Every structure is written in structure tokens, then in C-alpha cells.
Number of protein chains: 2
Amino acid sequence: MVERGRRRIPEATVARLPVYLRILYDLATEGVANVSSERLAELAGVNAAKVRKDLSYLGSYGTRGVGYDVEYLVYQMSRELGLHRPWPVVIVGAGNLGQALANYAGFQERGFPVVYLVDVDATKVGVQIGQATVRHLDDLPQLVQEGGVTIGVIATPGSVAQEVADRLVQAGVTAILNFAPVVLTVPRGVSVRKVDLAVELQILSYYEQRRSAAAGPPLQAVPAGSRRGASA
Amino acid sequence: MVERGRRRIPEATVARLPVYLRILYDLATEGVANVSSERLAELAGVNAAKVRKDLSYLGSYGTRGVGYDVEYLVYQMSRELGLHRPWPVVIVGAGNLGQALANYAGFQERGFPVVYLVDVDATKVGVQIGQATVRHLDDLPQLVQEGGVTIGVIATPGSVAQEVADRLVQAGVTAILNFAPVVLTVPRGVSVRKVDLAVELQILSYYEQRRSAAAGPPLQAVPAGSRRGASA
DNA sequence: GGTTGTGAACAAATTCACAGCG
DNA sequence: CGCTGTGAATTTGTTCACAACC
């Protein structure tokens, strides 16, 4: 039985841990052995107190007066995020976006091998894209089973996204990353994260519009404004 | 002089408005003239009180006992988000992702025409992708000027993302959507939003790992768990 | 009657500030 | 002395619950 003292980590913190992790990897690669919350905060573009609080949810892995051991923190953080093992992924939708995602090396590198790319278009079936072969949507249950897939990525048009989600869940997938501009309904216990590219631009648009309304139209100097939708 | 009673809308609300807007468009297309906060909440996957509070930041555009006029709400919301005019976009990086984004019709449709795709690779220059022509990175200042571009999308490898951001800002861009897995540093007043695909998967991984640790490994039934990273 | 709009209660997240420890 | 870890204070976001109004 897998059992540990499982703290519940706040959502906001969970969303930041992968960012710290990437930075820690980089530091490790540069041969940096130790890092302070101050430095890590600077690299992550956040407040140092926030870093310390976030890391404290993992346990007390720092050393007072010194900082955090980079390697050890990478290890603990990876473990907590479940990255000690690969999570094979299936991408549904072999259009532009699906293909680009399948070709994106970052998935593979960070432990999310794209084992299958799935589409309804029979003419695409069999084609090799990145590490993945295109298979037919109807084979989903079998593929999920055989590939040990628990995470699905939806890269289809919005019109079919809900149906695809249903089929993914039916096939046994319990986590979905949705690129379709649609709000998905899934059973309780299934995780969904959404990436809506146009929504991101619309959010930027809001702050752009405010800028121009505030500063008087045709000017591009930056008048020391306050924080905007920035995550810099 | 552009001047209005400019309320400051909370960030969390700004991030949801585009979602409501898309739903309202769909409703309008279906010929629905009126919608209640309850119904809109259901479609957006949120709480009805939240919808009302969010919409109240736009002004009092509902009718008690009736609901919200769909067309009118679309109009007001678009105006507030700055969507009454197009925001031409330049995408930097003509790799897989950059090309997929340039081909994505949703940008154009929602008022973000991709006017240029920019790359350092001279062999790509001149190629037509979607509505955009590939141009050389060195032409950025000129392109931004001529195209009236204020929003840039970074679809390059992480290693050059900061430099690209600097050049975008230098060229006059004031909002950046960053797909590179890097924390960007930009001057105050420049908006940045980040989409990190691997980070999204790592967040899902956390909840997946928790699931398997909790339920005992090889099982795929859903034991009525509590809410997870879901935005369904 | 039905639904909005909003103060007030509550919850989550962030930041402060400092005791505790290496 | 320096930096972590964390209670306490503050800010931001969510939800409740109901008066106001059509």
C-alpha cells in the first residue's frame, strides 16, 4: 500500500511548483548546488516569502542561514509532483495544433511521452508524427489500455471537444488538457485544465485597451504604470 | 479625449470575461435573446453568484426578473475588453508551434489577425503561412510600426525567449503572450501572459499521482473524489 | 414571481515580520 | 549573522443571502 504523510498543497502553489522545478533544473545544470529563497524568487518572478511558503508545503527541506540544496529540492519536488515516473499521453486531433504538440520535444523531455496521436480522419492514420503514430479515434480504449495512458490532450475543433472528452473518460483517462475553446463537463474526479489561446489574447487586449485609454492614444512610451496581467 | 467612468475590474474577473463572451456569442448564434446568470453560470461551469458579480463590474446591464440581453451584453463586454477593434499580432518563431498558431483560425476570428510571422532562419523568410508572411526578425521594428502591432507572441525555444522579448519591447510591443518555458523580465507597463504546456501537464501529474496514491494503484473507477485541478 | 445587484460573511492566497536555528 | 519556516495581518477572490426592482 502506497502511504505517506500526504499534506494537501494549495492549488496556487501546485501551479507554481513546476516553474520552480524548471529553474532548479537549470541551476543544477549550471552546477549551482545551493539556492536561497530570495534568488529563486527572483528567477521565478515572485516574492521570496511566497517561495518559502510554497516550499514549506513540501516539508522543511531548507537549511537556515544557508538556503536550499538544489539537487535535493529537485528530488523532493519531482516526487511530490509525481514526476518520478513517466506519464504517457494521448493527443486527440491531428490537425495543426495536435501535430505541433506531438512534435514538441518538451513533452517527452519532461516525462510526458506522446505515445499516440488520434484522429477521426482515416487518411491520417498510420502517419508518424514526432514519436507518435496516428491512430483512429475508435481505437482509443485499446490504446489507452495498452499504453497505460491516463492523460489526454484535446486538440480538436470546439465542436467535437465534449464528445472527445466523453470518449477519453470512457476509455479510462482521468486527466485532460483541453485546447479547444469550450467548457468541458466531466465526471467528478477527472481533472481538467484548459488552455484557450484566444482567451489569453483577449485578456491582454483588456490591459492594452486600458493602457491606450489612460495614456492618450498614439504613444508608446511606458509611463510607469501599475502591475497589469503580467506574470513576468 | 477618450474618457469613461473606468472601473478597475479584478484580475480574476478579467480572466473569466472572455469565457462568458464566447458563450454569449454561441447563444446569440443560436438565436437566444436573453440569458439568466444561472444559465450562463451552468454553461461556463461556475457559480451563478460569481457570474452576477463579474457582470456587475461592467455595469448594471441586467434586468431583474428577466436576465441579461445577450446582444447587449456581448456589446458591452466586447467594448470593455477592447474588442471593438482588431489587435494585429506578430508571432516570433516559425517552428512547429509558431506555424500552428499562425494557421489557427481562432485568432483571426476573434479579432487578433496574425499579420506577421517572424524568424531568424533566412530560408523561411517569404513563405506564406496562414494569413501571414514569414519575415526576418531584424525587420521587427519596421513591421511592428507599419502593422500597428502591439501584441507579440513568443513561440521560440526558451534559450532565446528573453532576447526576443527585449526586441519586441524595443520595437514597441506592449503585450506579450509567451509560450517559451522561461520566466520573462519586461519593463513595467508591459503585460505578459505565459502558456507553458509542460507545466500544465505537470500540474495534472500532481493530481494524477495523488489519485493513484489515494485509491490504490491499478483501478480506474472514480471514487467520488473531491475537486481537483478541474476547471470543467 | 423571478432575477439582478450587492453588502456581508467566508475562504484562499499573499505578504509581513520575526522567532528559531544552523 | 543569515536565511528558513511560519504564525499573524492583509489582500484578493468567492459565496451567501436578501433587498430592490421589473
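Structural notes, computed from the coordinates. (Residues numbered from 1 in each chain as written. Chains lettered and ligands numbered in written order. Predicted model: local features only at pLDDT ≥ 70, side-chain atom pairs only at ≥ 80, totals over all residues. Heavy atoms only, no water.)

1. Examining the layout of surface pockets
Going by this rule: Think of a 1 Å grid over just the protein atoms. A cavity is a set of points where a 1.4 Å probe fits yet cannot get out, a pocket is an open set with protein on both sides within 12 Å along at least five of seven lines, and lining residues have an atom within 4 Å of a point. Grid points are joined across faces, edges and corners, and a volume is the space filled by probe spheres set on the points. In this description a helix means any DSSP run of H or I spanning at least four residues, a strand means any run of E spanning at least two, and both kinds are numbered starting from the N terminus. Following the grouping adopted for this structure description, the nonpolar residues are Ala, Val, Leu, Ile, Met, Phe, Trp, Tyr, Cys and Pro, the charged ones are Asp, Glu, Lys and Arg, and the polar ones are all others, Gly among them.
What the second largest pocket holds in volume is close to 810 Å³. Lining the second largest pocket are 39 residues, and of these A:Thr156, A:Pro157, A:Gly158, A:Pro181 and B:Tyr104 lie nearest its centre. With six residues, helix H1 (residues 11-29) of chain B is the single largest residue contributor to the lining of the second largest pocket. A breakdown of the residues in the lining of the second largest pocket according to their chemical character gives 22 nonpolar, 11 polar and six charged.

2. Comments concerning the packing of helix H1 (residues 11-29) of chain A against helix H3 (residues 48-56) of chain A
Residue and element names in this part refer to chain A. Filter applied, for reference: What counts as an axis is a line fitted to C-alpha atoms, over the stretch in contact for a helix, and the angles between N-to-C directions run from 0 to 180 degrees. Angular relationships are summarised with four words: roughly parallel below 35 degrees, roughly antiparallel beyond 145, roughly perpendicular across 65 to 115, and oblique for the angles in between. By the convention used here, residues are in contact when the closest approach between their heavy atoms is within 4.5 Å.
At a minimum axis separation of 10 Å, H1 and H3 run at an interaxial angle of 100°. In terms of their interaxial angle, H1 and H3 are classed as roughly perpendicular. Counted together, Thr13, Arg16 and Tyr20 of H1 and Lys50, Val51, Asp54 and Leu55 of H3 form the full contact between these two elements. Partitioning the contact of H1 with H3 into residue classes produces three nonpolar, one polar and three charged.

3. Some thoughts on the protein's contact with DNA strand D
For clarity, the threshold we go by: Whether a residue is near a molecule or strand is decided by its heavy atoms; if any one of them lies within 4 Å of it, the residue is near. Any pair of nitrogen or oxygen atoms within 3.5 Å is treated as a polar contact; in protein, a donor-acceptor pairing is required on top of that, and neighbouring residues in sequence qualify only through side-chain atoms on both sides.
Taken together, 25 residues surround DNA strand D, and among them A:Ser37, A:Gly62, A:Tyr68, B:Arg16 and B:Arg64 come closest. Close to the protein, within 4 Å, the atoms of DNA strand D belong to sugar or phosphate groups at a rate of 62%. In this structure, a phosphate oxygen belonging to DNA strand D sits 2.8 Å away from a main-chain N or O atom of A:Gly62. At 2.8 Å, a side-chain N or O of B:Arg16 approaches a phosphate oxygen of DNA strand D. Elements with a contribution of two residues or more to the surface near DNA strand D: H3, strand S2 (62-63) and strand S3 (67-69) of chain A together with H1 and helix H3 (48-56) of chain B. Per element, the largest residue contribution to the surface near DNA strand D is four residues, and it comes from H3(B). Split into classes, the residues belonging to the surface near DNA strand D amount to six nonpolar, 10 polar and nine charged.

4. Overview of helix H9 (residues 197-215) of chain A
All names here are of chain A. Here is the rule: A helix is expected to span 1.5 Å for every residue after the first. Relative accessibility thresholds used throughout: buried, under 20% of the residue-type maximum; exposed, over 50%; partly exposed, between the two (1.4 Å probe, protein chains only).
Taking 1.5 Å of rise per residue, 19 residues should cover 27 Å, and H9 covers 27 Å from first to last C-alpha, within 8% of that figure. The element H9 is largely enclosed, with a buried count of 16 among its 19 residues. For H9, the N-terminal capping position is held by Asp196, with its side-chain oxygen 3.2 Å away from the main-chain nitrogen of Ala198.

5. Notes on H3(A)
All names here are of chain A. Here is the rule we go by: Along the arc lie the directions from the helix axis toward the C-beta atoms.
Of all the positions in H3, only Ala48, Val51, Asp54 and Leu55 are classed as buried. One side of H3 carries all its buried residues, which in axial view fall inside an arc of 125°. Contact partners of the buried residues in H3: H1, helix H2 (37-44), S3 and helix H4 (70-81). Its side-chain oxygen 2.6 Å from the backbone nitrogen of Ala49, Asn47 forms the N-cap of H3.

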